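Structural description and commentary
Given next are the chains, with one letter for each unit.
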Amino acid sequence: MKAFFRISVSIMAFSTLVVSCGETPENEVKTTDEEHVATSGGEVESLDFTAMDTTADPKVDFYQFACGAWLASNPIPEEESRWSNFNVLDDNNNDILKNLLEDAQANPGPTGGAKQLIGDLYKSFSDTVHRNEMGLAPIQPVLNQIDAMTSNADLVDVLASLHAIGVDAGFGLYVEQDAKLNDRYAAYLGQGGLGLPNRDYYFNKDDRSVMIRQEYDKHMKTMFDLVVSNPEKEAAYNIEIDLAKESWPPTELRDIEAQYNKMTISELGEMAPGFDWTAYFDKRGVSIDSIIVGQKNFMTQFGKLATSKSLADWKNYLKWTVINHTAGYLTTELERANFAFYSTVLRGTEKMKPLWKRGVMMVTMSPVGEALGEVFVQDNFTPEAKTKVDEMVDNITLVFDERIEQLDWMSEETKVKAKEKLSSFARKLGFPDVWKSYEGLSIVPDNYVQNQFSLARFNIEDNLGRLGKEINKDEWHMAPQIVNAYYNPLLNEIVFPAGIMQKPFFSENFEDAVNYARMGAVIGHELTHGFDDMGSQFDATGAMVNWWTAEDKEKFDAKTQLLIDQYSDYEVLEGVFINGQLTLGENIADLGGLTIAYHAYKKSLEGKEDVVVNGFTGDQRFFIAFGQVWQNNIRDNALVQRVNNDPHSPGKYRVNGVVSNMPEFFEAFDVQEGDPMRQPEDKIARIW
Ligand SMILES: [Zn+2]
């Protein structure tokens, strides 16, 4: 997340169901036994009734009712900043992945093959004795290049070198489909170069933000002291502040139209003089006559700083970006210091995860994560699961189509376009049809930093090398073992890795009420992303063109405003409120997803009465099963960090915020007008 692809990822990121923010789980937390429901078809499992707090009133706090007992009996392990279903499932996966990596390490097979790449990467990471012995030597050539700068003009060469190994300094260059002419790739420039999570951290005046800045200051000093002599951290921080001044906050980054600024390279030079862009692109091996600039004011600011800041200041800043980027790859001492700020201060996590678990997560999130997935799916994914989920996608798409037809707020003209888009969704289930080629990538067993640089180079060269080539529609942006899912607007595709097609999200043995409430809601969520505040700006082919009539767009905006208002009112900690604008896309997807999944569940009954299990009707079990998907405990610091950066609302509000807009839920639990779990009639947001 910290590296080069942050910008590219942030474009993609609005599609993900959850942010896999490197929070792997820890400890063996006991999941309570599932209740078994005997039916005529054999043993079918229902939801986890023991997770419920039946003393809570579902009309007042449905989340507490659905999972209160689980919350009380699952404290956050020391090594985690939060603890949820995702962590429990990740934990199971991690044990499997660990065995696969140990096997690959012992039996690497042919050089360049999947097992050699992942086995040796894991080995180089795990050998902390050797990492400590090497000390700072692996980054010395990079630091030397910075020291050798003789004028600000050398920024071109040095930034090109740093960007080529994934160091986030100054700004970012990447290649992605041209959002408006999406049958070809285009080069993009975006803001970057900050050490704190986003620009607001540099300016917010509340106590918590002030404390974080004080700690960041101490952290920079600690790190500089460990790496270079005569540190002047103030210079580095001052450049960050100046970059932050013209950086866009997360909410504004959702305005994709405003960030589509195509210009020639000479126009870029006029807008951001002070930096030789032509020479820079040349150094990166990129031959372009135009570029799409995300944040114009930011580039202008960068150009100004490139000449106005002294050479000594720039050297200082560049060294900081290198130290900060590589700290986790170097010695135990640096890794710990890095953890102390980024995990303990920012997220409240007390203790580092064990080495093996960090290694598993690192390989999974690395560019060879897919190679690990290739081994993972061999024994951990069945064609039956894929078939069943495929059927669910069919059913849910059908229901979505019927609902579009029946929308009372949308004109026929726009409906035709919406249905065309829905029928054009591509789907990817389980794992890629075509595995990624790692030809040319070299991974060695005994130099972890070198491996990280090789991986970054491989990934970045692959990315920049796309210019002028045909669009690769086969690739996946998520490794198959990851417990997550995503929507990619540029290909108009929904993607469900093997990792999420497991309990508690999905099981071939779950009753339909549970599968639809969980996996079904995930499927509905990803489909709805195609019709949220951002996805709705892309058409059936994945191009960013408006397919809405002005009047329908106005009605859509009025409806989504209700959600913005609703979520902005949620106070998650004293004085800390959800950002209704930042979370809008996810909240639309949550509400649309559950609504559509509910109706698909009803359809799956084919007119049969649903049975009562443990005193709960099928409809009630559907909603309770959904509530349990988001059961999670989270540290205060992590919660604040999440509210500031994450487009997803915290778990509790992903449940209560959604059901309180659903008449289907009011009926299931007899929720009356005036009850807390029921939005007032004129504030109910019914969109999809
Ligand atoms: Zn999402």
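Computed from a prediction, not measured in an experiment: that's the story for all the values here.

1. Notes on the domain arrangement of the chain
Partitioning the chain into domains gives domain 1 (37–76 + 396–424 + 504–683) and domain 2 (154–310). Placing the centre of domain 1 and that of domain 2 at their C-alpha centroids yields a distance of 37 Å. With 20 residues of domain 1 at the interface, the matching set in domain 2 holds 13 residues. Interface of domain 1 and domain 2: buried area, both sides summed, is about 1500 Å²; carbon and sulfur atoms make up 52% of it. The tally of links from domain 1 across to domain 2 stands at one salt bridge.

2. Structural notes on the pairing of strand 6 (residues 261–264)
Burial along strand 6 is one-sided: the residues Asn-261 and Met-263 are buried and none of Lys-262 and Thr-264 is. For strand 6 and strand 7 (residues 290–293), the ladder comprises four bridges, and the chain directions are antiparallel. If you follow Asn-261 over to strand 7, its bridge partner there is Val-293.

3. Describing the pattern of salt bridges
Any two side chains of opposite charge can pair, so long as their charged atoms come close to each other. Using the criterion set out here, one finds 40 salt bridges in the structure. A salt bridge links Asp-183 to Arg-184, with the nearest nitrogen and oxygen atoms 3.1 Å apart. For Lys-555, the salt bridge identified is with Glu-551, shortest N-O distance 3.6 Å. Of the two residues, Lys-555 and Glu-551 both sit in helix 21 (residues 550–568), four residues apart, roughly one turn of that helix. By relative accessible area, which is 35% here, Lys-555 ends up partly exposed. Its relative accessible area of 52% is what places Glu-551 among the exposed residues.

4. Describing the nonpolar core
Note that soluble globular proteins tend to have their nonpolar side chains buried in a common cluster. Phe-62, Trp-277, Leu-318, Phe-623 and Trp-688 are the most contacted members of the largest nonpolar core, which totals 202 residues. Looking at this core, you find at least three residues from each of domain 1 (37–76 + 396–424 + 504–683) and domain 2 (154–310). In contact with Leu-318, other than residues within four places in its own chain, are Ile-146, Met-149, Leu-155, Val-158, Leu-159, Leu-162 and Ala-169. Counting residues in each nonpolar core, the second largest holds eleven residues, with Tyr-174, Ala-179, Ala-186 and Met-534 among its members.

5. Concerning the sheet that holds strand 9 (residues 486–488)
Ordered by their spatial adjacency, three strands build an open sheet running 8-10-9, and the pairing between neighbours is mixed. If you trace the sheet from one side to the other, it starts and ends with strand 8 (426–430) and strand 9, each paired once. With direction set aside, neighbouring strand axes in the sheet form an average angle of 15 degrees. Packed on one face of the sheet, helix 20 (residues 512–529) meets strand 9 and strand 10 (493–497) and runs near 150 degrees to strand 10.

6. Observations concerning the environment of Asp-127
Within the element layout of this structure, Asp-127 appears in the loop between helix 4 (114–126) and helix 5 (128–134). Asp-127 sits 320 residues away from Asn-447 along the chain, and the two C-alpha atoms are 9.1 Å apart.

7. Re the packing of aromatic side chains
Enumeration over the complete set of coordinates arrives at 56 aromatic pairs. In this structure an aromatic cluster arises from ring pairing among Phe-49, Phe-62, Phe-65, Tyr-598, Tyr-601, Phe-616, Phe-622, Phe-623, Phe-665, Phe-666 and Phe-669. Between Lys-98 and the ring centre of Trp-356, over which it is positioned, the NZ or CZ distance is 5.0 Å.

The rules we used
- Residues numbered from 1 in each chain as written.
- Predicted model: local features only at pLDDT ≥ 70, side-chain atom pairs only at ≥ 80, totals over all residues.
- Heavy atoms only, no water.
- Domains from an automatic or database assignment.
- Contact = heavy atoms within 4.5 Å.
- Buried area = accessible area lost by both parts, 1.4 Å probe.
- Salt bridge = Lys/Arg side-chain N within 4 Å of Asp/Glu carboxyl O.
- Buried < 20%, exposed > 50% of the residue type's maximum accessible area, 1.4 Å probe, protein only.
- Helix = DSSP H or I, 4+ residues; strand = E, 2+ residues; numbered from the N terminus.
- Pairing = 2+ DSSP bridges.
- Core = buried A, V, L, I, M, F, W, Y, C linked by side-chain atoms within 4.5 Å.
- Axes fitted to C-alpha atoms, helices over the stretch in contact; angles between N-to-C directions.
- Phe/Tyr/Trp six-rings, centres within 6.5 Å; stacked < 30°, edge-to-face > 60°.
- Lys NZ or Arg CZ within 6 Å of the ring centre and 35° of its normal.

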